[in-house]
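Architecture and fold: a report
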Amino acid sequence: MTKILHLHVKKKYWRQVRDGSKVEEYRRFNLKLLKRLLIGYDFIHYHLGYTSKKQKERTMIFKWNGFYDAKIKHEIFGNRYAHVFVIPLKEQLKIGDFL
């Protein structure tokens, strides 16, 4: 069975990934997410907001390449350092490659 990690993001970050200026997704460290990430996945579905299955143009698909933790300073965390999970978004797939 194929395991898919669904990530829903704001338009600003979705466009940065689409344009290639953002190659990693950051999620604040918490135990619930750690348990989910440790399962391992086959693919990441990177959604612009909350999309329906019919809105395929608002979803990018990436091959799962694991994750690691780091401490970063970012505007979304109030320009303070935060412990986060870093999820690389390296290998984008076409819809046809996935199905």
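We now turn to the structure provided with this report. (Residues numbered from 1 in each chain as written. Predicted model: local features only at pLDDT ≥ 70, side-chain atom pairs only at ≥ 80, totals over all residues. Heavy atoms only, no water.)

Brief notes about unusual backbone geometry
Positive phi is not limited to glycine here, since N79 has a value of about 55°. Locating N79 in the fold gives a position in the loop between β5 (68-74) and β6 (80-88). (Helix = DSSP H or I, 4+ residues; strand = E, 2+ residues; numbered from the N terminus.)

A closer look at the packing of aromatic side chains
In this structure the tally under the stated criterion is five aromatic pairs. On the numbers, 4.9 Å between centres and 35° between planes, the contact of F29 with F85 is tilted. Taken together, the residues F29 in the loop between β2 (24-28) and α2 (31-39) and F85 in strand β6 connect sequence positions 56 residues apart. Given a relative accessible area of 30%, F29 falls into the partly exposed group. Here the aromatic rings of F67 and F85 are separated by 5.6 Å at their centres, their planes lie at 80°, and the arrangement is edge-to-face. Of this pair, F67 sits in the loop between β4 (59-63) and β5 while F85 sits in strand β6, and the two are 18 residues apart along the sequence. Taking the relative accessible area as the measure of exposure, F85 reaches 1% and is therefore buried. Site record: aromatic cluster; members linked through ring pairs are F29, Y41, W64, F67 and F85. (Phe/Tyr/Trp six-rings, centres within 6.5 Å; stacked < 30°, edge-to-face > 60°. Buried < 20%, exposed > 50% of the residue type's maximum accessible area, 1.4 Å probe, protein only.)

What to know about the pairing of strand β3 (residues 43-48)
Burial analysis of β3 places six of its six residues in the buried class, which makes it a mostly covered element. Residues F43, H45 and H47 point to one face of β3 and I44, Y46 and L48 to the other, with burial holding for every one of them. Sheet topology note: the strand β1 (residues 4-9)/β3 ladder contains six bridges and is parallel. Bridging from a neighbouring strand, H6 pairs with H45 of β3. Bridge count between β3 and β4: five bridges; the pairing is antiparallel. Bridged to F43 within β4 is K63. (Pairing = 2+ DSSP bridges.)

Some remarks on the side chain of E25
Position of E25 among the secondary structure elements: in strand β2. Here K22 takes part through its side chain, which lies 2.9 Å from a polar atom of the side chain of E25. At 3.0 Å, the side chain of E25 forms a polar contact with the side chain of R27. If sequence neighbours within four positions are ignored, E25 has contacts with L7, V9, Y46, F85, V86, I87 and L89. (Polar contact = N/O pair within 3.5 Å; in protein donor to acceptor, adjacent residues only side chain to side chain. Contact = heavy atoms within 4.5 Å.)

What about the layout of surface pockets?
If you add up the space inside the second largest pocket, you get close to 200 Å³. The leading source of residues in the lining of the second largest pocket is β2, at three residues. Tallied by class, residues from the lining of the second largest pocket come to five nonpolar, two polar and four charged. (1 Å grid on protein atoms, 1.4 Å probe; cavity = no way out; pocket = protein on both sides within 12 Å on 5 of 7 lines; lining within 4 Å. Points joined across faces, edges and corners; volume = space filled by probe spheres on them. Nonpolar A, V, L, I, M, F, W, Y, C, P; charged D, E, K, R; others polar.)

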